[in-house]
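Here are the chains, one letter per residue:
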Amino acid sequence: MGFLDILLGRTRPVAPDLDALFALPSAAVTLEAAAGFRPTGLGAVCFATVEGAAFEQTHREVQALLDADTERGGVPVELSLDSYGYSWLVSRRPPDQLPQLVNDLHAVNSSMEVNGFGPQLLCSLASFEDERGRRLALVYLYKRGTFYPFAPLGSGEQRDSALELQVRAALADDLRTEPDLGRWFPVWGAPGL
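Residues numbered from 1 in each chain as written. Predicted model: local features only at pLDDT ≥ 70, side-chain atom pairs only at ≥ 80, totals over all residues. Heavy atoms only, no water.

A. Spotlight on the overall build of the chain. When helices and strands are tallied, the chain shows five helices and eight strands. Counted from the first residue to the last, the chain has its helices and strands arranged as α-α-β-α-β-β-α-β-β-β-β-β-α. The 193 residues of the chain split such that 43% are buried. Taken as a whole, the chain presents about 9800 Å² of accessible surface, with 54% of it coming from carbon and sulfur. (Helix = DSSP H or I, 4+ residues; strand = E, 2+ residues; numbered from the N terminus. Buried < 20%, exposed > 50% of the residue type's maximum accessible area, 1.4 Å probe, protein only. Areas by Shrake-Rupley, 256 points an atom, 1.4 Å probe, with all protein chains shown as cover.)

This is the structure in structure tokens:
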């Protein structure tokens, strides 16, 4: 950081710490004990839509990497587009395989970063649900290196802010939570929510 940056109040962005994703399985134990939410087995990586041969090659590499896991049948990673124009690489696992799902998310993020698509990465999420059918996602902000809970209500674009704050308090010791609530962006249309 230069002298001019200091004078103008500019800061360098936080370097993403993809290894922070590996805290999700222990956070899931806390989340289940504190609020009754269990993993659904669905996770996704969101990025700004990219077109071209380089991205197609990266997508094929990610699929080949995750297809190497022969215990899982079907296509492990699928590409999905939401109504806002963002792309999602979605991974599905049995609900009891959250550590393997986290490995998938980490592999997708790492592959995209290594192949030069790091600036397009926006977030990753793991999906949870409780006995009453309430949905929740733990969202990792790639450019901030922090997590936040997102709890949509019903099928409309409303969220359960009280539940989100409850989850933040419960996971304070497990995850690096985004302190700026203004950055708790809704991820409407995210796969699995």
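B. Seen up close, the side chain of Ser124. Along the chain, Ser124 falls in strand β4 (residues 121-129). A distance of 2.8 Å separates the side chain of Ser124 from the side chain of Asn109, its partner in a polar contact. With sequence-adjacent residues up to four places away left out, Ser124 is seen in contact with Leu21, Ala44, Val45, Asn109, Leu138, Val139 and Tyr140. (Polar contact = N/O pair within 3.5 Å; in protein donor to acceptor, adjacent residues only side chain to side chain. Contact = heavy atoms within 4.5 Å.)

C. Quick peek at the packing of aromatic side chains. Tallied over the full model, the rule gives three aromatic pairs. With a centroid separation of 5.0 Å and an interplanar angle of 55°, the aromatic rings of Tyr140 and Phe147 are classed as tilted. Assessed through its relative accessible area of 2%, Phe147 is described here as buried. (Phe/Tyr/Trp six-rings, centres within 6.5 Å; stacked < 30°, edge-to-face > 60°.)

D. Representation of the pattern of salt bridges in the model. Counted according to the given criterion, the structure contains seven salt bridges. Asp104 is the partner of Arg93 in a salt bridge, and the nearest nitrogen-oxygen pair spans 3.0 Å. Taken as a pair, Arg93 in the loop between β3 (86-92) and α4 (98-114) and Asp104 in helix α4 lie far apart in primary sequence, eleven residues in all. Grouping residues by exposure puts Arg93 and Asp104 together as buried. In this structure, Asp130 and Arg134 form a salt bridge, with 2.6 Å as the shortest nitrogen-oxygen distance. Judged by its relative accessible area of 10%, Asp130 is buried. Taking the relative accessible area as the measure of exposure, Arg134 reaches 24% and is therefore partly exposed. (Salt bridge = Lys/Arg side-chain N within 4 Å of Asp/Glu carboxyl O.)

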